[in-house]
Structures are given as C-alpha cells and as structure tokens.
Amino acid sequence: MPEFFINRQPVHAEPGQTVMQAALAAGHYIPYFCWHPNLSVAGNCRICIVEVEDSKGGTWMDIACNMPVDEGMRVLTDSEGVTKRRKEILQMILLNHPVDCGICDKAGECSLQDYHYEYNGERPVSFDPKVQATKFHPLSERIVLDNERCILCSRCVRFTNEVSGTHSLGIQHRGDHSLIRASEDGAFGSDPYSDNVIDICPVGALLSRNFLYKSRVWYLKATPSICPGCERGCNVDIWHRRSEWKLNALDPRQNASIDRVTPRENPAVNGPWICNKGRDLAAIFERPRAERAMLKGTPVELPLAIDAARALIASARRPVALVSSWASNEELAAFKSTLANRFACFVKSDWTPQPGERVEDDVLIKPDKNPNAKAARALFGAAPIAFPDGTDLVLVWGEGFSFTQLPRGASVIYLNSYLQPENGHADVFLPLSIQTERRGRYTNFEGTVSNFEPCFGKKATVADAEPLFAALATHEAIA
Ligand code: SF4
Ligand code: SF4
Ligand code: FES
C-alpha cells in the first residue's frame, strides 16, 4: 500500500488508486466536474489540478483524477499556484456559460455554482458576447438539454457508453460550438436508464421534463425509500415538499405529492443508478386511492368491516390467503404470527411486466416486478396458487389477482390500497396504507435488506397492515 503526502500530511492509498481517489477516501477534497467514481477518466475539465513537489525542490501541475499515486509523492491541493490555476479554469468555463442560476433547476445542487463561489467569485473576464445555443433542445421525451449550460464534461456520453450500453449520446462539432446530441436511431429515447444523466450532469444542462420548473430543491426533503418496481429493490430518495413550506403551497396537493425520485447509492444493491421506472414512482403511488372500508360495495366504518372480516375468518372451514409480494418484511411477519395458521397460504405476484416494459437486463432490471417476493416465499413457500375443494373463504392481500379465478361460492376479504372494480365485489373490503405512508423493509432477490421511511401521513379511514392483522386475530380494536 503506497504512502504519500497531501498538503504535507501522510495519506495511505490502495494500489492503483489515483490521487483523486486516495485524497477523497482520506477526507481531502479536490473539486471535479468530469471525473465520476463510476465512469472512466476523461480528464477534460482540469478543475482538479494539483501541484506536485519534486525531490529537487521544484513543482509541477497535473490533474488529480488521472494521476496514479506514487510512493512518497508530495501533493498540494490548495497552494497559491493551484488556487490561481483553478480560478483561471473556472473563468474559462464561464466564458460562454449563461450563469442563469436564478431559473435553473440545478441551482442548489450545481458543482459549477458551488465552485464559482468557492474558488472564483469574479465578474466575467471577457467583454465578447457569449456564444449562444439552443436553451431547450429535446434530447428525448424525458429530457431537455440546455446547450448553453453544458460544460462538455462528457459524463453523459460516457454513461451511455459504459453503463447503459446504448451509445446514444455524443458530442458534435468542435470548440465553443460543441453540442451534446442524441444518436439519430432514437436509442437515447428508449434507454431505460437515460435519466441517470440528469443526476450526473454537474451543471443544469440536462433537465428532467417531469421536474422542469416544478420546485426549487431547497424546498424539498429527500426521504429514504425503495423502488418496488422489481425484485432488485433499488434504494431511492423520494423528494417531497418540506413540511415547513406547506403553508406556502398554492395547491395543497403539492404538500403530499412526489416531486422527483433519485437514486440513493447502495453498492450492494444498485450502486449509484436506477432505471427510469424508479423515477416514475409517482405514477404508481399516486393512483386514485381506496379510502373507505366496504361491505359488498357499501362504505362502512373501519371497525365494522374488521368485525365482519373477523366473523368470516372464524366461521370459515377451508380458508385460503393470497399473500402480497409488495408487503414489507414486518407485515409478512405480522401476518405469519397472527393469522397464517388459520389459512392455506400462497404467495401472489401483485405486479407482472407491463406492455412495452423492459423485463430483464444485465444492468439492474429483474424479471419479477415485486419488491419482496423473496421474503414472502421464505415465509409462505413458493407453491403455485391452488384452491382446495371446499374453499369457502379467500383473503386477497394486494393487487394482481383476478376475481374471475375465485372458487365458486367462496367469500372474499380484500385488502388493497387503490381504487379498483374488485373492491366493491368483495364481501369485506379493507383499505390499506401504502409504502410512502409507513416504514418497513424489503429483502431483494439477493437477500439484501433495505429500509423505507414514511413521506406522508395516512388517512384515518385507512389501516396499516400490522395492527390490522392483530385486530383480525384478536378482539382488540385497531390501533
Ligand atoms: S450535458 Fe452535462 S453531463 Fe453532458 S457533457 Fe454537458 S455538462 Fe457534461
Ligand atoms: S431496476 Fe427495478 S428496483 Fe431498480 S429502479 Fe428499476 S424497477 Fe426499480
Ligand atoms: S475532474 Fe479531473 S480533469 Fe475533470
């Protein structure tokens, strides 16, 4: 393991590490635009320049992201020479940049904004007019490009070459007329990982159409969660309005809506990436909700419906339960410990691949479109659903089961969160809270457990599954 010096302090490096990697690991910050820990080194922005002292008392400058650590090397990251060069680099980058932070979605998260304040802070050094380019170039149906803000770091190009594998972005032309463009075969539009370029763009050049001008990021809070879109269980942050800003929301629905979803880095699950389905969780979680308990389609108070379900369970002779593979580890364990011994239990797929959806690939996407199938099967087995002769009660937990498959004459208790035609056909319908309203854990296909936290409160007429199962198994009121 080589030992070298940063700002005269000894630092250990792993064999093969660059100065950038070793410095960041040891807590010495070096600024970077084009370098990304999960992409190849491009070395084009030069902001990571550092000074190296040689053994004869001289010094030389080079970029930290492409410089391997050498035993005994002496690196200065904030010398006078480095500070001066860094400032000149920023002034060059800003020659044609519009600095329109006031209307830029990246403001508050932008490396260029931060470095400008930290290392430059000067007015423009050129009196020539800035080169103008298109402000809203449609790269795909999901992403627009502001050419004027692009600093040509090439991260987005390398992402499609090295991670998603679509090779769908490139740089056209030369010098200050260079433009990021999508290939003409439409591959960027169908790249299921395309939105990752929005996150890795160090400036506000690549913008999500969904999030465009929706909110300033400092009004938002990121709650740790898990994408339920497949058994990968990618760790995500769900961004929603901070509660302290609720009084200022012109539309009260903004207080309980998902503004955007970004990856939460977890090397054991998804690294720093997610697929576009994970970005679109609002389309799953913000479907019309079922908020009232019902008896054969007639709305009733929740305790009355629980009493009715309890009576059906008590009188059934051959009850079957179809267990949700969207339930958390805690909910599955609660069902197992309270009600499972009354039922023949089968694990059900709540979701199957939708038309046009990529079913599987060798990046992240897995074929089972349920986040907790592995944990459900571990508790309730992997047998296909079968209704024994004489089945007289079916408890259906979650979506994805067609009532046309119910055994003739069986009563139905249905636990679901969304408005669906089946709700009104159940003998007892019990509305459940959803993932964004509670905390829990999922176990992904590799056995890695991740947790999710609540973003919003649930309505009082809606039940959480754990206390609901306890109430169904006993005569206690629901908590
Ligand atoms: S669009 Fe963003 S990520 Fe792509 S080259 Fe320009 S600055 Fe870099
Ligand atoms: S790979 Fe699966 S879990 Fe990850 S974001 Fe996509 S759908 Fe969600
Ligand atoms: S981060 Fe090193 S050259 Fe860009």
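The written sequence of each chain sets the order in which its residues are numbered from 1. Each chain takes a letter, starting from A, and each ligand takes a number, starting from 1, following the order in which they are written. In keeping with the model being predicted, local features are shown solely for residues with a pLDDT of at least 70 and side-chain atom pairs are shown and tallied solely at 80 or more, while totals for entire chains, interfaces and linings include all residues. Side-chain calculation: all heavy atoms of the structure are included, whereas hydrogens and water are not.

### Things to note about the site of ligand 1
Going by this rule: Whether a residue is near a molecule or strand is decided by its heavy atoms; if any one of them lies within 4 Å of it, the residue is near. The definitions used throughout rest on a 1 Å grid laid over the protein atoms alone, on which a cavity is an enclosed set of points accommodating a 1.4 Å probe that cannot get out and a pocket is an open set flanked by protein within 12 Å on both sides along at least five of seven lines; lining residues are those having an atom within 4 Å of a point. Occupancy of a cavity or pocket is assigned to a molecule whenever over half of its atoms lie within 2 Å of that pocket's grid points.
Residues in close proximity to ligand 1 total 13 residues, the closest being C150, C153, S154, C156 and C201. One can see that ligand 1 is located within the second largest cavity.

### So, the sheet that holds strand β17 (residues 344-348)
Selection criterion: Any two strands are treated as partners once DSSP identifies two or more bridges connecting them. Secondary structure elements are defined from DSSP: runs of H or I of at least 4 residues count as helices, runs of E of at least 2 residues count as strands, and each element is numbered from the N terminus. Here the axes come from fitting lines to C-alpha atoms, over the contacting stretch only for helices, and the angles between their N-to-C directions go from 0 to 180 degrees.
Spatially, seven strands are ordered β15-β14-β20-β19-β18-β16-β17 in an open sheet, and the strand pairing comes out mixed. In this open sheet, the two strands that pair with only one neighbour each are β15 (298-300) and β17. Ignoring which end each strand starts from, the neighbouring axes of this sheet average 20° apart. Across five bridges, the pairing between strand β16 (residues 319-324) and β17 is parallel. Paired with V323 across the strands is V347, a residue of β17.

### Structural notes on the nonpolar core
Our working rule: Residues grouped as a nonpolar core are buried Ala, Val, Leu, Ile, Met, Phe, Trp, Tyr and Cys residues, joined through side-chain atoms within 4.5 Å. For every residue, the accessible area obtained with a 1.4 Å probe (protein chains only) is divided by the maximum for its type, and the residue is called buried under 20%, exposed over 50%, and partly exposed between those limits. In this analysis, two residues are considered to be in contact whenever any of their non-hydrogen atoms come within 4.5 Å of each other.
By size, the foremost hydrophobic cluster in this structure holds 54 residues, and its most contacted members are F33, L112, V197, L206 and F285. Leaving out residues up to four positions away in the same chain, L112 has contacts with F33, L90, I93, L94, H97, I151, P202 and V203. One finds V323, A340, V428 and F469 within the second-largest nonpolar core, a separate group that totals 36 residues.

### Quick look at the layout of surface pockets
Keep this limit in mind: Grid points are joined across faces, edges and corners, and a volume is the space filled by probe spheres set on the points. Residue polarity follows a fixed list, in which Ala, Val, Leu, Ile, Met, Phe, Trp, Tyr, Cys and Pro are nonpolar, Asp, Glu, Lys and Arg are charged, and the others, Gly among them, are polar.
There is about 1000 Å³ of room inside the largest pocket. Considering the residues around the largest pocket, the lining is formed by 43 residues, among which K106, I198, D199, I200 and T262 are closest to the centre. Only α3 (111-120), α5 (196-200), β10 (206-208), β13 (258-263) and α7 (281-285) provide two or more residues apiece to the lining of the largest pocket. Examining the composition of the lining of the largest pocket, we find that six residues originate from one element, β13, more than from any other. Among the residues making up the lining of the largest pocket, the classes are represented as 20 nonpolar, eight polar and 15 charged.

### Digging into helix α2 (residues 80-93)
Here is the rule we go by: What a helix should span is 1.5 Å times the count of its residues minus one.
With 14 residues, α2 should reach 20 Å at 1.5 Å per residue; the first-to-last C-alpha distance of 20 Å fits that figure. Of all the positions in α2, only V82, R86, I89, L90, Q91 and I93 are classed as buried. Here the buried face of α2 lies against β3 (49-53), β4 (59-63), β5 (74-76) and α3.

### Some details on a nonpolar patch on the surface
Definition in use: Distance thresholds for patches are 9 Å for like charges and 5 Å for nonpolar side chains (Val, Leu, Ile, Met, Phe, Trp, Tyr), applied to residues having over 30% relative accessible area and no salt bridge. With residues, only the protein chains shown are counted as cover, and all accessible areas are computed by Shrake-Rupley using a 1.4 Å probe. Take a side-chain nitrogen of Lys or Arg and a carboxyl oxygen of Asp or Glu: if they are within 4 Å of each other, that pair is a salt bridge.
Side chains of M92, L95 and V125 sit close together on the surface and give an oily, nonpolar patch of about 280 Å² of accessible area. Note on placement: M92 falls in helix α2. With a relative accessible area of 57%, M92 lands in the exposed category.

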